[in-house]
Amino acid sequence: DTGVSQDPRHKITKRGQNVTFRCDPISEHNRLYWYRQTLGQGPEFLTYFQNEAQLEKSRLLSDRFSAERPKGSFSTLEIQRTEQGDSAMYLCASSLSVGAVLTGELFFGEGSRLTVL
Amino acid sequence: GESVGLHLPTLSVQEGDNSIINCAYSNSASDYFIWYKQESGKGPQFIIDIRSNMDKRQGQRVTVLLNKTVKHLSLQIAATQPGDSAVYFCAGNNDMRFGAGTRLTVKP
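Notes on the overall build of chain A
- Looking only at helices and strands, chain A features zero helices and 13 strands.
- Across chain A, helices and strands are ordered from the amino to the carboxyl terminus as β-β-β-β-β-β-β-β-β-β-β-β-β.
- The C-alpha radius of gyration of chain A comes to 14 Å, within 12% of the 13 Å expected for a compact globule of 117 residues.
- When the backbone C-alpha atoms are referred to their principal axes, chain A occupies close to 40 × 25 × 25 Å.
- Considering chain A as a whole, with its 117 residues, one finds that 50% of them fall into the buried category.
- When contacts within chain A are restricted to residue pairs at least 6 apart in sequence, those whose partners lie at least 24 apart make up 55%.
- Of the roughly 5900 Å² of accessible surface on chain A, a fraction of 46% belongs to carbon and sulfur atoms.

Dropping the structure here:
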């Protein structure tokens, strides 16, 4: 397994367009997380899944954002009607948990950098 | 809100010197704490962790100290090298939120 992969690595779009990012976690990991990171800041938590269930969403995740993990494997993060303030690095991470307890560290992908013009 | 935070946003050291990066946490529910390193343009990567019932853990050039009384973690890097330049974050295993991190810059 090559780790967490994200696609695309870079996306430039015009304001108002929709964008979708994909994350493929480490195969045996049951948890998947999405974060947003802007320059000089730490990763901001957006949402996470345990298997296919979305268990928590940050208030940062406005109604223009939607995340899915339909089969408990890969996940998509869609941003509708993008705004310039959405420009950021979108990071995906995966981990293994037993019930509600995380049993290891988060493994991050390289991120998808979004630029909204 | 965030349950971990960093004392200093930036740290600059001379190559070869030791570095100490600090972190305060408020969530005591974690079984262990993790340090991550994030290099420019990459995602954070695991460096070392420490169980909550330990005070100290040593890696190859890194040592993590945990003081549960004051809810404080530190990461010590011995003989800091240019490749150590990065942003460092701490997190508890039951906490999905990160602080701003500390940017370590190593001067040659």
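What about the sheet that holds strand β8 (residues 75-79) of chain A?
All names here are of chain A.
- Read from one edge to the other, the open sheet built from four strands follows the order β1-β3-β8-β7, with strand pairing classed as antiparallel. Of all strands in the sheet, those bounded by a partner on one side alone are β1 (5-7) and β7 (65-68). Recorded for the sheet is a direction-independent mean angle of 15 degrees between the axes of neighbouring strands.

What about the sheet that holds strand β5 (residues 45-51) of chain B?
Residue and element names in this part refer to chain B.
- With respect to topology, five strands assemble into an open sheet ordered β2-β10-β9-β4-β5, the strand pairing being mixed. Because the sheet does not close on itself, it has two edges, and the strands there are β2 (10-14) and β5. In this sheet, adjacent strand axes meet at a mean angle of 25 degrees when their direction is disregarded.
- Looking at chain direction, strand β4 (residues 32-38) and β5 are connected through six bridges and run antiparallel. Within β5, the position partnered with Lys37 by the bridge is Gln45.

Re the nonpolar core
- Within the largest apolar cluster, 20 residues are counted, with the highest numbers of intra-cluster contacts made by Ile21, Trp35, Leu73, Leu75, Ile77, Tyr88 and Leu104 of chain B.
- Phe21, Cys23, Phe49 and Tyr90 of chain A belong to the second-largest nonpolar core, a separate cluster that totals 19 residues.

Remarks on the interface of chain B and chain A
- Of the residues lining the interface, 18 residues belong to chain B; the matching set on chain A comes to 21 residues.
- Taken over both partners, the interface formed by chain B and chain A buries close to 1600 Å², and the fraction arising from carbon and sulfur atoms is 54%.
- In this structure, Arg97 of chain B and Glu56 of chain A form a salt bridge, with 2.8 Å as the shortest nitrogen-oxygen distance.
- Across the chain B-chain A interface, the total number found is three residue pairs in polar contact (both at pLDDT 80 or more).
- Classifying every residue of the side of chain B that touches chain A gives nine nonpolar, six polar and three charged.

Regarding the state of the cysteines
- Tallied over the entire structure, the rule returns two disulfides over all chains.
- One disulfide in the model links Cys23 of chain A with Cys92 of chain A; its S-S distance is 1.9 Å. Measuring the twist about the S-S bond at about -70 degrees, one finds the Cys23 of chain A-Cys92 of chain A disulfide to be left-handed. One end of the pair, Cys23 of chain A, is in strand β3 (residues 19-24); the other, Cys92 of chain A, is in strand β9 (residues 88-95), with 69 residues separating them in the sequence.
- With a relative accessible area of 0%, Cys23 of chain A lands in the buried category.
- Across a sulfur-sulfur distance of 1.6 Å, Cys23 of chain B and Cys90 of chain B are joined as a disulfide pair. In this pair, Cys23 of chain B is assigned in strand β3 (residues 19-25) and Cys90 of chain B in strand β9 (residues 86-92), connecting sequence segments 67 residues apart. A single burial state applies to Cys23 of chain B and to Cys90 of chain B, both of which are buried.

Quick word on the pattern of salt bridges
Residue and element names in this part refer to chain A.
- Scanning the model with the defined rule gives eight salt bridges over all chains in all.
- Salt-bridge contacts for Arg64 lead to Glu83; the nearest nitrogen and oxygen are separated by 3.4 Å. Highlighted residues: Arg64 in the loop between β6 (53-57) and β7 and Glu83 in the loop between β8 and β9, separated in sequence by 19 residues.
- Taking relative accessible area as the criterion, Arg64 reaches 9% and is therefore assigned buried.

Calculation notes
- Residues numbered from 1 in each chain as written.
- Chains lettered and ligands numbered in written order.
- Predicted model: local features only at pLDDT ≥ 70, side-chain atom pairs only at ≥ 80, totals over all residues.
- Heavy atoms only, no water.
- Helix = DSSP H or I, 4+ residues; strand = E, 2+ residues; numbered from the N terminus.
- Rg over C-alpha atoms; globule rule 2.2 N^0.38 Å.
- Buried < 20%, exposed > 50% of the residue type's maximum accessible area, 1.4 Å probe, protein only.
- Contact = heavy atoms within 4.5 Å.
- Areas by Shrake-Rupley, 256 points an atom, 1.4 Å probe, with all protein chains shown as cover.
- Pairing = 2+ DSSP bridges.
- Axes fitted to C-alpha atoms, helices over the stretch in contact; angles between N-to-C directions.
- Core = buried A, V, L, I, M, F, W, Y, C linked by side-chain atoms within 4.5 Å.
- Buried area = accessible area lost by both parts, 1.4 Å probe.
- Salt bridge = Lys/Arg side-chain N within 4 Å of Asp/Glu carboxyl O.
- Polar contact = N/O pair within 3.5 Å; in protein donor to acceptor, adjacent residues only side chain to side chain.
- Nonpolar A, V, L, I, M, F, W, Y, C, P; charged D, E, K, R; others polar.
- Disulfide = S-S within 2.5 Å.

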